[in-house]
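Okay, here's what each chain looks like letter by letter:
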Amino acid sequence: MEEKTCVKVVLIGVGGYGKFYLREMEKRTQDPSVILEGVCDVMPDVEKQNPFLLEHGIPVYREIEQFYEEHDADLAVISTPIPLHFEQVVKCLKHGSDVLIEKPLCSSVEEALEMAQIEKETGHFVAVGYQMNYSPVTRELKNRILNGEFGNPVVLKTIHGFKRGKAYYHRNNWAGKRTLHGHLVNDSPVNNSNAHQFQNMLFLLGDQMDHSATVTEVKAELYRTDPEVENFDTAALCVRTASGVPVWYYTTHNCLHEELGPVSEFHFEKAVIRLNPERIDHEHGNYQICWKDGRIEEAGAMPESGESFKLDEAITCAKKNQNGEKQHPVCTIQAALSHLETVRRLSELEICDIDRVMVEEEHINGVIYYHVKNIEKVFSDCFDQEKYPSQVMSGWK
Ligand SMILES: NC(=O)c1ccc[n+]([C@@H]2O[C@H](COP(=O)([O-])OP(=O)(O)OC[C@H]3O[C@@H](n4cnc5c(N)ncnc54)[C@H](O)[C@@H]3O)[C@@H](O)[C@H]2O)c1
């Protein structure tokens, strides 16, 4: 068989986060081994927004089916609204493409399991776009965890928030929604904007490189700060893995500064892995391994910004697949299942409206933001004591 050397890519959804993939493909225009075969988006002015498409004669379609009538693709990269994920992934698999789907994988565990079945039947992979999982720094840490270097895990915890105001919620018709036209969305900081750090903890505890730990118990305090948001916008959760390890996550859209944390401590029998919040180059923090015997080891920069790794890996695996050498990117359907299960269980819990006396309204560049007074201190105390907000401060719950 003649070896195929070129991967044809279709990008589906390029108006929001998908712009990142467009930029990445633009960078690769000189690379003959990757071809942007087409773009698919319902926006009427995709070409106007992205003159590079016209310059390079890249066709734009409104419907996925229209694209596949005229082309084929080895890899489909999907960055569309959450409720569309399942149907679009299945469509692309059935048209013979491997798929890189933006996180979250889909809207429910049931959809994910059906997708896994179709993945098996078609022989094409589904990779999920949790970028931290793809980073060499994460993989190195995970290898060392799997090799038992740090001993058994004891407790993992992280604080991470992004300030999000009305403009974030008004950018589309699904932000902050629990359902849309009868479809599950469950959009929240846990499922979407601040999902990465939580996913990363579950991923680090997986028993194989491409698995995450199974979640067996989910407890949480969920809060709504912006009364117009349907779902929660602030959360403190503790999930327990099948081997009984507690994983705490504190997240919000209602912090004072643009970003809160990330601050992490991953406690193992022999060491604590800390994500040092000191920004070494104003962008990335650094992992430190603090051994129980007093040694401190630097273990690399926080991998969140290494977003291009996921696209590179999906392209490499798609190329290998074409040549009959089965390879799957590291963030598999299994690796995303526990996150989905957590989101499902959170959707069954009560959401408390935060008392307005605890909220400051801010106007920045014409956009309204809500800051929960003292949330930084509340989360920090919760993190230190492994507790929920109502256990460390009155007025919560
Ligand atoms: N990995 C990350 O860091 C990261 C960051 C942000 C968003 N995301 C994920 O990316 C996905 C998209 O989020 P977003 O914020 O860009 O959403 P968005 O709603 O702002 O943009 C979605 C894009 O999909 C297009 N679209 C809608 N319906 C379509 C259809 N039927 N066919 C083709 N295109 C269609 C829209 O026109 C738009 O261009 C979500 O799953 C989100 O969680 C990932």
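It should be noted that the structure appears before, not after, this text.
Predicted, not measured: the structure shown is a model, and the values here were computed from it.

Here is what the cut-offs are and how they apply
- Residues numbered from 1 in each chain as written.
- Predicted model: local features only at pLDDT ≥ 70, side-chain atom pairs only at ≥ 80, totals over all residues.
- Heavy atoms only, no water.
- Helix = DSSP H or I, 4+ residues; strand = E, 2+ residues; numbered from the N terminus.
- Buried < 20%, exposed > 50% of the residue type's maximum accessible area, 1.4 Å probe, protein only.
- Areas by Shrake-Rupley, 256 points an atom, 1.4 Å probe, with all protein chains shown as cover.
- Lys, Arg positive; Asp, Glu negative; His and termini not counted.
- Charge placed at Lys NZ, Arg CZ, Asp CG, Glu CD.
- Near = heavy atom within 4 Å.
- Polar contact = N/O pair within 3.5 Å; in protein donor to acceptor, adjacent residues only side chain to side chain.
- Nonpolar A, V, L, I, M, F, W, Y, C, P; charged D, E, K, R; others polar.
- Pairing = 2+ DSSP bridges.
- Contact = heavy atoms within 4.5 Å.
- Axes fitted to C-alpha atoms, helices over the stretch in contact; angles between N-to-C directions.

A.B. asks: Go over the overall build of the protein chain with me, naming the residues and quoting the values.
C.D. replies: Across its full length, the protein chain holds 13 helices and 19 strands. Here the protein chain holds 397 residues, and the buried ones make up 57% of them. With an accessible surface of roughly 17000 Å², the protein chain has 49% of that area assigned to carbon and sulfur atoms. The centroid of the 41 positive side-chain charges in the protein chain is displaced by 3 Å from the centroid of its 62 negative side-chain charges.

A.B. asks: Explain the site of the ligand to me, and be specific about the residues and the numbers.
C.D. replies: Among the 26 residues in the neighbourhood of the ligand, the closest are listed as Y17, D41, K103, R171 and N192. At 2.9 Å, a backbone N or O of G15 approaches an oxygen atom of the ligand. At a separation of 3.0 Å, an oxygen atom of the ligand approaches a polar side-chain atom of N172. Compared with its free state, where it exposes 860 Å², the ligand has 84% of that area covered by protein. Along the lines of polarity and charge, the residues of the shell around the ligand split into nine nonpolar, 12 polar and five charged.

A.B. asks: Outline the sheet that holds strand β6 (residues 126-128), supporting the account with residue identities and numerical values.
C.D. replies: Read from one edge to the other, the open sheet built from six strands follows the order β3-β2-β1-β4-β5-β6, with strand pairing classed as parallel. Looking at which strands have only one partner, the edges of the open sheet turn out to be β3 (60-61) and β6. In this sheet, strand β5 (residues 98-101) lies alongside strand β4 (residues 75-78) in parallel orientation, the contact comprising four bridges. Across the sheet, residue I78 finds its bridge partner in β5, namely I101. Of the strands in this sheet, β1 (7-12), β2 (34-40), β4 and β5 touch helix α1 (residues 18-27), which is tilted by about 150° from β2. Contacting β1, β2, β4 and β5, helix α10 (residues 308-322) crosses the sheet at an angle of about 170° to β5.

A.B. asks: I'd love a proper account of the pairing of strand β11 (residues 234-241), names of residues and values included.
C.D. replies: Burial runs high along β11: seven of the eight residues are buried. In this structure, strand β10 (residues 215-224) lies alongside β11, joined through eight bridges in antiparallel fashion. Considered in β11, the bridge of V218 is made with V239. Pairing analysis gives seven bridges linking β11 to strand β12 (residues 246-252), with the strands arranged antiparallel. When the sheet's bridge partners are listed, C238 is paired in β12 with W248. Taking the residues that link successive antiparallel strands as the turn, the β11-β12 hairpin has four residues, and the phi of G244 there is positive, at about 85°.

A.B. asks: Give a description of the packing of helix α7 (residues 136-146) against helix α9 (residues 195-204) that names residues and reports values.
C.D. replies: In the contact formed by α7 and α9, the axes pass within 10 Å of each other and the chain directions differ by 35°. Here T138, L141, K142 and I145 of α7 lie close against α9, whose contacting residues are N200, F203 and L204. In terms of residue class, the contact of α7 with α9 is made up of four nonpolar, two polar and one charged.

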